[in-house]
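# Examining the three-dimensional arrangement
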Amino acid sequence: GGYTEQNSKFSDINIDGLVGKSFKIDDFSITPNLGASYRRTKSEGITNGGASFQLFGIYTLANTGGKSVSAYKQDQETQSVYGTLEVAYKDVLYLTGSARSDWFSTLATPGKDNKLNVIYPSISGSFVFSELWKPSFLSFGKLRAGYAMVGQATSPFQTQLYYNLRSESINNSPLGNIVNGSIPNSSLRASKATELEIGTEMKFFNNRLSLDLTWYNKKSTDEILAVPTSTTTGYSGAVLNIGELRNKGVEALVSGVVLKTDDFNWTSSLNGSYNDNKVITLAPGTASQLLATSRSNVGFLQNLEGMAIGQVMAYDFLYDASGNIVKDTNGAPQRGELKAYGSAYNKWAAGWNNEFSYKGVNLSFLIDGKWGGKIFSATDYYGYIFGLHQATLENRDALGVNAANYYSTYANNVSKQFVQDASFIKFRQVILGYNFPAKMFNNKIKGLNVSFVGRNLFILMKKTDNIDPESSYNATIPGMELGGVPPVRTYGLNLSVKL
C-alpha cells in the first residue's frame, strides 16, 4: 500500500466597479458608463507521498518507503477598464458602443514588470419597428444587429521556461527539471474573436406567440495552440499564435401559449440551432493539428485545414489497385490510411419544452437532441481485443485458437468500425409540482411549492451501440469515449418557499 498527504490552497479575487448616468435631451436619452475590474487567481499545493508500508497496520507517512515531495504554484492577474455609451431615440432606436482594455499577466514580457495590453471594441443597435408599424396581429417587433471583438489570454507559464523540482533525488539532493511540455513563446499575443450578429424578436396575437431568430458569423484568429514539433527538440510542441477558425449559423426560439383558460394553461416552446464551423488555416506548413489520442492508439481527434473542427480520425482498410481489401496470412485485414470520419461537434441541436398548469398543479417536460457529431468508441475497441463484443462471435468456431489474434489484429488495423454517429434524442426532464395557497399559512408565507423532478429518464433515439452517445473520457474533449458508463437517471424533490 501507500500513503499520500495533499494540501491545496486556492483564492480568487474579483472586483468590478461601474458608474454611469442618464441624460435626457429632447427625444434622446444618452447614458455613458465607465468601469474597471480586477481579477487575481492564485493556487498552490504540496503533496507528500510514500509507497510500501514498512510495518503492518501503521498508516502514516513516516512508515513508508520511497518518499516523494511535489509542489506547484500558479498566479495570474487581469486588469481591465471599459466604457459604454448608450443612445436611445424615443422607444424606437437604440445604439450602444463599447470599448474594453485588458492587461494580462500571463502575456507579460519575461523579466519585465509589464502586462500586454489588448483593446477591443463593440457596437450594437436595435430598431423597434412595432412603434411605427403595428398591425392587429403584431404585439411587438424588433430588429437588432451587432459587431463585437473579444480577446483571451492563455494559462500561466507559456511565455518562458518554467522550472520545478522533481520528486526524485540523488544523494538526498533534489533534481530540477523544465515543466513546459511545449516550447514557450515570449511573443505571444492574446487571441481574438470577431462576431457579426443579426436578429429579430417578434410577438403576435397579444403575446400568445413569440419568435426570436439570430444569425451569426464568428471568426477566431491568433488562437494560442501547441504545434507539434520533432521530439529531437526535447519538446512535444511549440506554443504559437496560429490559425483561423470560423463558426456561423442560426439560432431560433419559438414559444406560444397553446391553450389558456381560467384554470388551465399550456405553454410550449421549441428552440434549435445550426452551427457550421471550419478550420480556415493552421500554422504555416501545417495541415493538421492533433487534439487528442484515444488510449487505444488507433483513434484520434484532429483539426484539419478546410474541414470542420475536431475531426474524428481512424484507420481504413488497405485496398489493392482493384479496390479489394488486402489481408495478411491469417486472413485479417491490413491497415490502410488514417482518414477523417466527421466532426466530434454536432451541427444541429434542438429542445422542446412544455409547461402545463391546472389550478395549483404544475407539470413540465423537456425533450432535447443533437445531430451530426461523431464519436470514437474505445469500449467497442476493447470489446474486440478481449472477445467481449458481439461481433467477435462471427466465425469464432472456425477460427479456433486464432480467433483472439484475428480480432485483435482486426481492431488495431481497421479502427473506422469504432467510429459511430453520436446523434440522439432524450427525454431529458419532467417536473410535477403543487403550489400551496398562501391562505393555508394565514398569508405569512407568500408561496410554497413542492416538486418531484426526474432527469435523464430514457433515450428516445440513439445510433451508438453499447455506449451513451454523450459519453466522453474527458469532459473537455468530445468525440473520444472510453469505459463510458450507462447514463444515470436521477430523481429528487424540490421545496421552494417565498416569504
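Details of the structure are given in the entry above.
A short tour of the structure in this document, coming up. (Residues numbered from 1 in each chain as written. Predicted model: local features only at pLDDT ≥ 70, side-chain atom pairs only at ≥ 80, totals over all residues. Heavy atoms only, no water.)

On to the overall build of the protein, then. Scanning the protein from terminus to terminus reveals three helices and 26 strands. Whereas a compact globule of 499 residues would reach a radius of gyration of roughly 23 Å, the protein reaches 29 Å, over 25% beyond that. Each of the three principal axes of the protein carries a C-alpha extent, and together these read 80 × 65 × 65 Å. Restricting the contact set of the protein to residue pairs at least 6 apart, pairs at least 24 apart contribute 64%. The centroid of the 46 positive side-chain charges in the protein is displaced by 4 Å from the centroid of its 40 negative side-chain charges. (Helix = DSSP H or I, 4+ residues; strand = E, 2+ residues; numbered from the N terminus. Rg over C-alpha atoms; globule rule 2.2 N^0.38 Å. Contact = heavy atoms within 4.5 Å. Lys, Arg positive; Asp, Glu negative; His and termini not counted. Charge placed at Lys NZ, Arg CZ, Asp CG, Glu CD.)

Counted under the stated rule, the structure contains 27 aromatic pairs. Between Phe127 and Phe129, the aromatic rings sit 6.4 Å apart at their centres with planes inclined by 55 degrees, giving tilted as the arrangement. Its relative accessible area of 14% is what places Phe129 among the buried residues. With a centroid separation of 6.2 Å and 85 degrees between ring planes, the pair formed by Phe300 and Tyr315 is classed as edge-to-face. Linking Phe300 in strand E16 (residues 299-304) with Tyr315 in strand E17 (residues 311-317), this pair joins segments that are 15 residues apart in sequence. Residue Phe300 is classed as buried on the basis of its relative accessible area of 13%. Accessibility expressed as a relative area gives 14% for Tyr315, which makes it buried. Three or more aromatic residues joined by ring pairs make a cluster, and in this case those are Phe317, Tyr319, Phe376, Tyr381, Tyr382, Tyr384, Phe386, Tyr406, Tyr407, Tyr410 and Phe418. Over the face of the ring belonging to Tyr315 we find Arg335, whose NZ or CZ atom lies 4.0 Å from the ring centre. Note that Lys426 overlies the ring of Phe424, its terminal NZ or CZ placed 5.3 Å from the centroid. (Phe/Tyr/Trp six-rings, centres within 6.5 Å; stacked < 30°, edge-to-face > 60°. Buried < 20%, exposed > 50% of the residue type's maximum accessible area, 1.4 Å probe, protein only. Lys NZ or Arg CZ within 6 Å of the ring centre and 35° of its normal.)

Moving on: the side chain of Asn180. Its place among the elements puts Asn180 in the loop between strand E9 (173-178) and strand E10 (182-183). Assessed through its relative accessible area of 12%, Asn180 is described here as buried. Here Gln160 takes part through its backbone oxygen, which lies 3.3 Å from a polar atom of the side chain of Asn180. If we ignore the near neighbours within four places in the chain, the residues touching Asn180 are Phe157, Gln160, Leu161, Tyr162 and Tyr235. (Polar contact = N/O pair within 3.5 Å; in protein donor to acceptor, adjacent residues only side chain to side chain.)

So, on to the layout of surface pockets. The calculated volume of the largest pocket comes to roughly 330 Å³. What lines the largest pocket is a set of 22 residues, among which Ala344, Asn346, Lys370, Pro469 and Pro478 lie closest to the centre. Counting only elements with at least two residues in the lining of the largest pocket, the list comes to strand E14 (264-281), strand E19 (348-358) and strand E21 (374-377). Split by residue class, the lining of the largest pocket holds 11 nonpolar, seven polar and four charged. (1 Å grid on protein atoms, 1.4 Å probe; cavity = no way out; pocket = protein on both sides within 12 Å on 5 of 7 lines; lining within 4 Å. Points joined across faces, edges and corners; volume = space filled by probe spheres on them. Nonpolar A, V, L, I, M, F, W, Y, C, P; charged D, E, K, R; others polar.)

What follows deals with the environment of Thr490. Structurally, the position occupied by Thr490 is in strand E26 (residues 490-498). Judged by its relative accessible area of 38%, Thr490 is partly exposed. Residues Thr490 and Ser255 lie 235 residues apart in sequence; the distance between their C-alpha atoms is 28 Å. Contacts of Thr490, omitting those with residues within four sequence positions, involve Val453, Gly454 and Arg455.

All right, on to the sheet that holds E21 then. Strands in a sheet are paired, the pairing made by backbone hydrogen bonds, and the direction either parallel or antiparallel. Taken together, three strands build an open sheet; the order of strands is E22-E21-E25 and the sheet is mixed. The open sheet is flanked by strand E22 (419-421) and strand E25 (480-481), the only strands paired with a single partner. Its contacts with the sheet put helix H1 (residues 378-385) on E21, E22 and E25, and the angle it makes with E21 is roughly 30 degrees. (Pairing = 2+ DSSP bridges. Axes fitted to C-alpha atoms, helices over the stretch in contact; angles between N-to-C directions.)

If you walk through the whole model with that rule in mind, you get 16 salt bridges. Between Asp316 and Lys416 there is a salt bridge, with its nearest N and O atoms 2.9 Å apart. Of this pair, Asp316 sits in strand E17 while Lys416 sits in the loop between helix H3 (403-413) and E22; the two residues are 100 residues apart in sequence, bridging distant segments of the chain. On the accessibility criterion, Lys416 (27% relative accessible area) is partly exposed. (Salt bridge = Lys/Arg side-chain N within 4 Å of Asp/Glu carboxyl O.)

Note: α-helices contain 3.6 residues per turn, so residues at a spacing of three or four share the same orientation. The complete set of buried residues in H1 reads Ala378, Asp380, Tyr381, Gly383 and Tyr384. Looking at the packing, one finds that the buried side of H1 touches E21, H3, E22 and E25. Trailing H1 by a residue or two, Gly387 shows a phi angle of about 70 degrees, which is positive.

Taken together, the side chains of Tyr358, Val361, Leu363, Leu432, Tyr434, Val450, Phe452, Tyr491, Leu493, Leu495, Val497 and Leu499 make up a nonpolar region of the molecular surface, amounting to roughly 1,200 Å² of accessible area. When residues of the nonpolar patch are traced back to their parent elements, those giving at least two are strand E20 (361-371), strand E23 (424-436), strand E24 (447-462) and E26. Take the nonpolar patch: its biggest share by element is four residues, from E26. Within the secondary structure, Val361 is located in strand E20. Its relative accessible area of 36% is what places Val361 among the partly exposed residues. (Patch = residues over 30% accessible without salt bridge, like charges linked within 9 Å, V, L, I, M, F, W, Y side chains within 5 Å. Areas by Shrake-Rupley, 256 points an atom, 1.4 Å probe, with all protein chains shown as cover.)

Right, let's talk about the sheet that holds strand E15 (residues 288-293) for a bit. Across the sheet, four strands lie side by side as E15-E16-E17-E18; this open sheet has antiparallel pairing. This sheet does not close on itself; its edge strands, each paired only once, are E15 and strand E18 (335-343). Each neighbouring strand pair of the sheet contributes to a mean axis angle of 40 degrees, computed without reference to strand direction. Sheet topology places E16 next to E17; four bridges connect them, and they run antiparallel. Counted as the bridge partner of Leu301 is Val312 from E17.

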